[in-house]
Amino acid sequence: MSAAQPSVFARIIAGEIPCQRVFENEHVLAFLDIRPLAEGHTLVLPKRSAARLADLTPAEAAELGRQLVAIAQRVVAVTGAAGVNLLLNDGQVAGQEVPHVHFHIIPRQAGDGLGYRWRPQDRNAADLEALAARIRAQP
Ligand code: AMP
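Residues numbered from 1 in each chain as written. Predicted model: local features only at pLDDT ≥ 70, side-chain atom pairs only at ≥ 80, totals over all residues. Heavy atoms only, no water.

J.: Give a detailed account of the overall build of the protein chain, specifying residues and quantitative values.
T.: A tally of regular secondary structure across the protein chain gives 3 helices and 5 strands. Counted from the first residue to the last, the protein chain has its helices and strands arranged as α-β-β-β-α-β-β-α. For the protein chain, the spread of C-alpha atoms along the three principal axes comes to 50 × 40 × 25 Å. Entry remark: accessible area of the protein chain is about 9700 Å², with carbon and sulfur atoms responsible for 54%. (Helix = DSSP H or I, 4+ residues; strand = E, 2+ residues; numbered from the N terminus. Areas by Shrake-Rupley, 256 points an atom, 1.4 Å probe, with all protein chains shown as cover.)

Next up, the structure:
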């Protein structure tokens, strides 16, 4: 997709494509995922077009996070989920398909068969300490 072409989410925000809206304010829109991984799978996004997390202003990020937590609680209450995953795919390599920042709210139930390939690696304490120091020093 070229940079000039609006993403599917930009078109939803503009009202050109319908969605099953669950929340909207001046800055944030949330709607049901059209191909849900679970009942209540919801997407939460900033209304301003921003492809990547790094494109958000601090104020936009704060508002997105605030609404994400509130909407997740409503989704869990309505679906009766036993737990929830909050997921954001940032970048193609991370699985991002739509180039507009969005969190996934994925309600979970015992035995639902969903999961992530979680492959922990061993690291020694010195390596972890050095890496944490570098991240702390990053502006
Ligand atoms: P991601 O891979 O993180 O970019 O996720 C994109 C998500 O957007 C997928 O879960 C799709 O099912 C969902 N999606 C794509 N088009 C639409 C649409 N028109 N309405 C609702 N959800 C959509």
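J.: Summarise the sheet that holds strand β1 (residues 21–24); cite the residues concerned and give the values.
T.: The strand order β1-β2-β3-β5-β4 describes an open sheet built from 5 strands, whose pairing is antiparallel. Only two strands of the sheet have a single partner each, and these edge strands are β1 and β4 (83–88). Each adjacent strand pair in this sheet contributes to an overall mean axis angle of 20°, direction not counted. Pairing geometry for strand β2 (residues 28–32) and strand β3 (residues 42–46), over 5 bridges, is antiparallel. For Leu32, the partnering residue across the bridge sits in β3 and is Thr42. The strands touched by helix α2 (residues 58–79) within the sheet are β1, β2, β3, β4 and β5 (103–108), with β5 carrying the most contacts at an inclination of about 25°. (Pairing = 2+ DSSP bridges. Axes fitted to C-alpha atoms, helices over the stretch in contact; angles between N-to-C directions. Contact = heavy atoms within 4.5 Å.)

J.: Go over the environment of Asp112 with me, naming the residues and quoting the values.
T.: Inspection of the secondary structure assignment puts Asp112 in the loop between β5 and α3 (125–137). Considered as a pair, Asp112 and Leu37 are 75 residues apart in the sequence and their alpha carbons are 9.7 Å apart. A polar contact of 3.0 Å, which involves the side chain of Asp112, links it to the backbone nitrogen of Gln109. From its side chain, Asp112 meets the backbone nitrogen of Leu114 in a polar contact 3.0 Å long. (Polar contact = N/O pair within 3.5 Å; in protein donor to acceptor, adjacent residues only side chain to side chain.)

J.: Quick one: what's the story with the side chain of His102, residue by residue and with numbers?
T.: Summarising the element assignment, His102 is placed in the loop between β4 and β5. Aside from chain neighbours lying at most four places away, what touches His102 is Phe9, Leu43, Val44, Leu45, Leu87, Leu88 and Gln96.

J.: Go over the site of the ligand with me, naming the residues and quoting the values.
T.: In the neighbourhood of the ligand, 16 residues make up the surrounding shell, with Asp33, Asn89, Glu97, His102 and His104 lying closest. Residue Ile34 places a main-chain N or O atom 3.1 Å away from a nitrogen atom belonging to the ligand. Gly95 places a main-chain nitrogen or oxygen 2.8 Å from an oxygen atom of the ligand. Coverage of the ligand by the protein amounts to 84% of the 510 Å² it exposes when considered alone. The pocket occupied by the ligand, as judged from atoms lying within 2 Å of grid points, is the largest pocket. Residue assignment for the shell around the ligand shows that the elements contributing at least two residues are α1 (8–13) and β2. Ranked by residues supplied to the shell around the ligand, first place goes to α1 with 3 residues. A breakdown of the residues in the shell around the ligand according to their chemical character gives 8 nonpolar, 5 polar and 3 charged. (Near = heavy atom within 4 Å. 1 Å grid on protein atoms, 1.4 Å probe; cavity = no way out; pocket = protein on both sides within 12 Å on 5 of 7 lines; lining within 4 Å. Sits in = over half its atoms within 2 Å of the grid points. Nonpolar A, V, L, I, M, F, W, Y, C, P; charged D, E, K, R; others polar.)

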